2 protein chains.
Amino acid sequence: MTQYKIPNATVKRLPLYHRYFQFLHDSNKQKISSTELADAVQVDSATIRRDFSYFGSLGKRGYGYEVEPMLEFFQKLLNQDQTSNVGLVGVGNLGNALLNYNFSQTNNIRIVAAFDNNPAIIGNEVNGVLVYSIDEVRDQLIKQKIDVVILSVPVRSAQPVADKLVEAGVKGILNFTPLRISTPTKVRVHNVDLANELQTLIYFLDNC
Amino acid sequence: MTQYKIPNATVKRLPLYHRYFQFLHDSNKQKISSTELADAVQVDSATIRRDFSYFGSLGKRGYGYEVEPMLEFFQKLLNQDQTSNVGLVGVGNLGNALLNYNFSQTNNIRIVAAFDNNPAIIGNEVNGVLVYSIDEVRDQLIKQKIDVVILSVPVRSAQPVADKLVEAGVKGILNFTPLRISTPTKVRVHNVDLANELQTLIYFLDNC
């Protein structure tokens, strides 16, 4: 889509911009000033301008942004015209919560299969999603075109389950366990480390 | 503790370093090379050296790191000698999972009070944590010395509940709702946006 490599920090803000233009569109707003945008998404306007500059000329100086074309732009950029099928391994407390989390409220993301090794819950449905045996992960990834899997297993199972996912051909793992899992470089891992988030916040309060 | 301002990216890696030295200590390891450390925490060694340089001379070039003093250093830095009391508002699926999440496994963080507005669950205990009425939030924050609150309410309640927390004197909010809440600058907000994390990962798979 673009010949420049877009910085990670910019990529992480794209869903935020997309969501806000969706919100404006749903509220029948046609235009927004760059100040209003900065306030709403809580990113300073210099950063927003730099982020947008990676994608050519979005918006006009001193005029702000037209909602409709901006929304279309971000939808296309983020593949919002396609639904992404996602899997989840580990239907404990957190896995259950994530299965009940409304990812599709703001994104075209759907959890379509869950996996566990506990016979007592295999075959159950959680929020309409069937829980398969972990042994079926390879078949289901292929059958349901799942590239990305959420990992919410206990920490002791994190690496063996990650190995199984790699074998099964997964391309991306969203890792909710506190372990930094090892995977081949072709498999992308993002970590959501809840204790880390909380501790970082507390550190900032104490020191900044 | 130091006269330089430490970059946010460094601060976010501190709990990771701390946790790994804790792990080494628990495994009776006495020393680790900088290559092993880099592999284990999956941060390249140049970044680790830069991170550590903000805190003076940790480790010796060509020698690696002694586990015991490094662990003590990070414990002190991250206030691990004190327990941090944390509150949680919104005992739905996600709130429940967070109450059952073992934050103290790797950190001295304890959720000591939960809040909700649903009479059916007020007075219940979840994983040993009492659920109070949201109207008691001010009293409990003072009584239990809570500075930080996890926000896991439905999105429509995010801003009104955040306002209530600010009134009650909260200093930090870990916001799990997809809304970017507005607070006075003295209140620090960190966002954990689950749909955003998933979408960013998918974007990288498609484009990088």
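Calculation rules
- Residues numbered from 1 in each chain as written.
- Chains lettered and ligands numbered in written order.
- Predicted model: local features only at pLDDT ≥ 70, side-chain atom pairs only at ≥ 80, totals over all residues.
- Heavy atoms only, no water.
- Helix = DSSP H or I, 4+ residues; strand = E, 2+ residues; numbered from the N terminus.
- Buried < 20%, exposed > 50% of the residue type's maximum accessible area, 1.4 Å probe, protein only.
- Pairing = 2+ DSSP bridges.
- Polar contact = N/O pair within 3.5 Å; in protein donor to acceptor, adjacent residues only side chain to side chain.
- Contact = heavy atoms within 4.5 Å.

Going by what an unreviewed UniProt entry lists, chain A is known as Redox-sensing transcriptional repressor Rex and is assigned to Bombilactobacillus apium.

> When you look at the environment of Glu136 of chain B in this model, what are you seeing that I'm missing?
Residues and elements named next belong to chain B. Relative to the assigned elements, Glu136 resides in the loop between β6 (129–133) and α6 (137–143). Given a relative accessible area of 32%, Glu136 falls into the partly exposed group. Residues Glu136 and Asn8, 128 residues apart in the sequence, show an inter-C-alpha distance of 34 Å.

> So what exactly am I meant to see when it comes to the sheet that holds strand β7 (residues 148–151) of chain A here?
Whether parallel or antiparallel, the strands of a sheet pair through hydrogen bonds between backbone atoms. Residues and elements named next belong to chain A. Strands sit in the order β5-β6-β4-β3-β7-β8-β9 across an open sheet of 7 strands; the sheet is mixed. Here the strands that pair on one side only, and so sit at the sheet edges, are β5 (125–126) and β9 (188–191). Relative to strand β8 (residues 172–175), β7 is paired through 4 bridges, and the arrangement is parallel. Paired with Val148 across the two strands is Gly172, which belongs to β8.

> Help me understand the side chain of Asp193 of chain B, please; the structure alone is not making it clear to me.
Within the secondary structure layout, Asp193 of chain B lies in the loop between β9 (188–191) and α8 (194–207). Among the polar contacts listed, one links the side chain of Asp193 of chain B to the side chain of Arg19 of chain A, at a separation of 2.8 Å. A polar contact is formed between the side chain of Asp193 of chain B and the backbone nitrogen of Asn196 of chain B, at a distance of 3.2 Å. Not counting the four nearest positions on each side in its chain, Asp193 of chain B is found in contact with Arg19 of chain A together with Pro178 of chain B.

> Explain the sheet that holds β6 of chain B to me, please; I cannot follow it from the model alone.
Residue and element names in this part refer to chain B. Reading across the sheet, the 7 strands line up as β5-β6-β4-β3-β7-β8-β9 and stay open at both edges, with mixed pairing between neighbours. Of all strands in the sheet, those bounded by a partner on one side alone are β5 (125–126) and β9. Taken together, the 2 bridges between β5 and β6 define a ladder with antiparallel strand orientation. Residue pairing for β6: Val126 is matched across the bridge by Val129.

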